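# Descriptive analysis of the structure
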Amino acid sequence: MSATARWWRRRSLRARVTLASTVGLALALLAAALLLRTELRASLSNGLDNTARQGAREVAALADAHRLPDPVPVADGTITVQVLNARGRIVDASPGADLLVPLLPAGQAAANARTGQTVLLDGPPYGLPGTVRVVAVAAGGETVIAAVAYDPVLDSVAALTRALLIGTPLLLLLLAGASWLVVGTTLRPIAELRRGAQNVTRTGRPSALPVPEARDEVHSLAITLNDMLSRLGQAQERQRGLVSDTAHELRSPIASIRAQLEVALDHPDSQDWRQTASDVLEDTLRLARLAEDLLVLARLDERDGRRPGHQPVDVAALAGAEVSRQDGSRVPVLLADQEQPSREQPSEEQPSQDQHSQQRCAVTGDADGLRRMLGNLIENAVRYARTRVTVGVVRDGSRVRLTVTDDGPGIPPGDAQRAFGRFTRLDNARSRDGEGQGGAGLGLAIVRATAQAHDGSAWLEDAQPGLRAVVLLPAADAAQAHTD
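These notes cover the structure that comes with them.

Thresholds applied
- Residues numbered from 1 in each chain as written.
- Predicted model: local features only at pLDDT ≥ 70, side-chain atom pairs only at ≥ 80, totals over all residues.
- Heavy atoms only, no water.
- Helix = DSSP H or I, 4+ residues; strand = E, 2+ residues; numbered from the N terminus.
- Buried < 20%, exposed > 50% of the residue type's maximum accessible area, 1.4 Å probe, protein only.
- Contact = heavy atoms within 4.5 Å.
- Areas by Shrake-Rupley, 256 points an atom, 1.4 Å probe, with all protein chains shown as cover.
- Core = buried A, V, L, I, M, F, W, Y, C linked by side-chain atoms within 4.5 Å.
- Pairing = 2+ DSSP bridges.
- Axes fitted to C-alpha atoms, helices over the stretch in contact; angles between N-to-C directions.
- Parallel < 35°, antiparallel > 145°, perpendicular 65-115°, else oblique.
- Left-handed = near helix turned anticlockwise from the far one by under 90°.
- Nonpolar A, V, L, I, M, F, W, Y, C, P; charged D, E, K, R; others polar.
- Patch = residues over 30% accessible without salt bridge, like charges linked within 9 Å, V, L, I, M, F, W, Y side chains within 5 Å.
- Salt bridge = Lys/Arg side-chain N within 4 Å of Asp/Glu carboxyl O.

### Let's talk about the overall build of the protein chain
Per the secondary structure count, the protein chain includes twelve helices and twelve strands. Out of the 484 residues belonging to the protein chain, those deemed buried represent 39%. Pairs at least 24 residues apart make up 61% of the contacts formed inside the protein chain by residues separated by at least 6 positions. Accessible surface computed for the protein chain: about 27800 Å², of which carbon and sulfur atoms make up 55%.

### Describing the nonpolar core
Grouped together as the largest cluster of nonpolar side chains are 38 residues, with contacts concentrated most on Val389, Val391, Leu402, Val404, Leu460 and Val471. Broken down by element, the residue count for this core peaks at eight residues, all from helix α9 (residues 367–384). When residues no more than four places from it in sequence are discounted, the contact partners of Leu460 are Ile411, Ala416, Ala419, Phe420, Leu444, Leu467, Arg468 and Ala469. Leu48, Ala56, Val135 and Val153 belong to the second largest nonpolar core, which has 19 residues in total.

### Observations regarding the sheet that holds strand β10 (residues 399–406)
Reading across from one edge, β7-β9-β10-β12-β11 is the order of the five strands in this open sheet, with mixed pairing throughout. Single-partner strands in this sheet number two, and they are β7 (333–335) and β11 (457–462). Recorded for the sheet is a direction-independent mean angle of 20° between the axes of neighbouring strands. As defined by bridge partners, β10 adjoins strand β12 (residues 467–474) across eight bridges and the pair is classed as antiparallel. Directly across from Val404, in β12, lies its bridge partner Ala469.

### Quick word on the sheet that holds strand β5 (residues 142–149)
With antiparallel pairing, the five strands of this open sheet are ordered in space as β2-β1-β5-β4-β3. Two strands close off the open sheet at either side, each with one partner strand: β2 (90–93) and β3 (119–122). Across the sheet, the axes of successive neighbouring strands diverge by a mean angle of 30°, strand direction being ignored. Bridge analysis of β3 against strand β4 (residues 131–139) gives four bridges, and the strand direction is antiparallel.

### Thoughts on unusual backbone geometry
With the exception of glycine, the majority of residues adopt a negative phi angle, and the majority of peptide bonds are in the trans configuration. Following Gln464, the chain continues into Pro465 via a peptide bond in cis, with omega recorded as 0°. Following the sequence through the fold, Pro465 ends up in the loop between β11 and β12. Within the fold, Gln464 resides in the loop between β11 and β12.

### Here we look at the environment of Val119
Relative to the helices and strands, Val119 is located in strand β3. Judged by its relative accessible area of 14%, Val119 is buried. Spatially, the C-alpha atoms of Val119 and Val134 are 5.1 Å apart, while their sequence positions differ by 15 residues. Leaving out residues up to four positions away in the same chain, Val119 has contacts with Leu104, Gln108, Asn112, Val132, Arg133 and Val134.

### Structural notes on the packing of helix α6 (residues 273–301) against helix α11 (residues 443–453)
Two numbers describe a pair of packed helices, the interaxial angle and the distance between the axes. Close contact between α6 and α11 brings their axes to 10 Å; oriented N to C, the two are set at 25°. On the basis of the axis angle, α6 is roughly parallel to α11. Crossing angle aside, the handedness with which α6 passes α11 is left-handed. Residue-level inspection shows Asp293, Val296, Leu297 and Leu300 of α6 in contact with α11, the latter providing Ala445, Ile446, Ala449, Thr450 and Ala453. Split by residue class, the contact of α6 with α11 holds seven nonpolar, one polar and one charged.

### With respect to a nonpolar patch on the surface
The grouping of Leu165, Ile166, Leu170 and Leu173 at the surface amounts to a nonpolar patch, some 470 Å² of accessible area in total. Along the chain, the position of Leu165 falls in helix α4 (residues 151–203). You can call Leu165 exposed: its relative accessible area is 62%.

The values reported here are purely geometric and, on their own, carry no functional implication.
Written as C-alpha cells, this is what we have:
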C-alpha cells in the first residue's frame, strides 16, 4: 500500500468526504472557468468578425455601384479598409490605412473572401496598433479587406481571467468550508451514537442510544442498534437470572451433602453409613441432573438458528420406546390410539383421521434431543398424575402432534405460559404435590427450547381433568418439500 493510500485511510470520515467533495468542486470550477473564458473569447471574436464583414460588405456595395469615394468612408474609426484590384494593388483605402502594403496577399485575400476565413495579424508592421482581425469580401473584380482591432477582446479575456484566478479559489474555499460544516452536521448524530455506545461500554449495561429526529439512514441505524441493545439487555437479564437461579438450586443439594457428611464425620460410630451414602448419592444425582439440564439448555441457546440434527426421527416409534421404558413407574403410562387432533389447538389445519393414519409421524432433527424432550414430558406427567398418563402421536396436516396427558390437578390457565420458564415452580396444588420429587423447574423449559430448535412449538392445555402438554413439530416430508 502506498504512502498516499495509508495517509488517506488515516483521515477521518469528515475529512475524506470534505476533501473528495473539494477536489470534485475544484475540477468542476476549473472546467467551468475554462469554458467561460473560451466562450467569451469566441463570442467577442465572432462579434468583431461580423463588424468587419459588415463594413467590408458596405464598401463592396459602393465599389460595385462605382460610387466608392476616396478615401473609403467607414462607420467609425475601429475599422481599417483596403480595396485591392485584380493585380493585388491597393486602389483605395480608409483614412489611416497603408496605401502600399496590403494586409493580405491578393491570392490569400481572394481565397479568404470565398471561404469566409478570418486572419489574426500583428498590426504594427502595417501601421496599426496592437493585434487586428482581418476579413476579406469579394466586390466584382476587386477584393475588400477589412481589419478591426483585437486588443479589446484580449483585454476583456484578460480581465475575466484575472477575475477567475481570484474568484475561483475564493469560491472553492467557501464551498469547501460549507461542505465541512454540512458533513459535520450530517455526522453529528453518528458522533452522538458513538458517545452513547461509549457510555454503554463504560457502564456495562445496555441503554438506549439517542435517535435523531431526521428520518434518514442514521435514524434507521439508531433504531436498529437500540433494538439490538434491548435484546442484549434482555439476554443479559436472563443470563443473570439464570445464574442466580442456578446458584439457588445448587445451594440446596450442596448444603444437604455437606450437612450429612459433617454429621457423619462428627459422629462416625452412630451413623448408618449405607443410608448416608444413599442420601449423598441421591443429592449428587440431583446435582448431576441439574448440570446436565443446564448444559442442554446452553447448547440449545447456542444453536444460532440451526436445527440440532438432520436425521429423520419417527416420533411414533420414539414414543413407543419411551412408554415401554416407563414400566414400573408410579402410575401406568399408556400409548394412546391415533385420534382426531384437539379442536382447542390454535390456528392449525385439521385433516381427516384417515389421512393421519396413512401418513408417517416422522420429523427431521436430533433423536436424542427429542427423546429427552419426550422423557421430560412423561416424567413431569407421572409426577402429578393420579391414575394414568397417556402419550399420543398423530399426523396433523404438515406437522406431527405429540401429546402427553395426565389426570392430575392441572394448573390455572394464566400459568400455562409461565410454566415454561426456567426454574419456574407454580404456587398451586400441582406444585405442592410435586415437592420433594426432584424437580428443578427446567423440564418444560427444555421441552419448549427443543421444540423451537426443531421449528416447532409447545404449549399446555386443560385436559379436564388434568393437564395436556402439546408439542407440534414439522413433519419430515413437509420440511423437505419446503427446503426444495
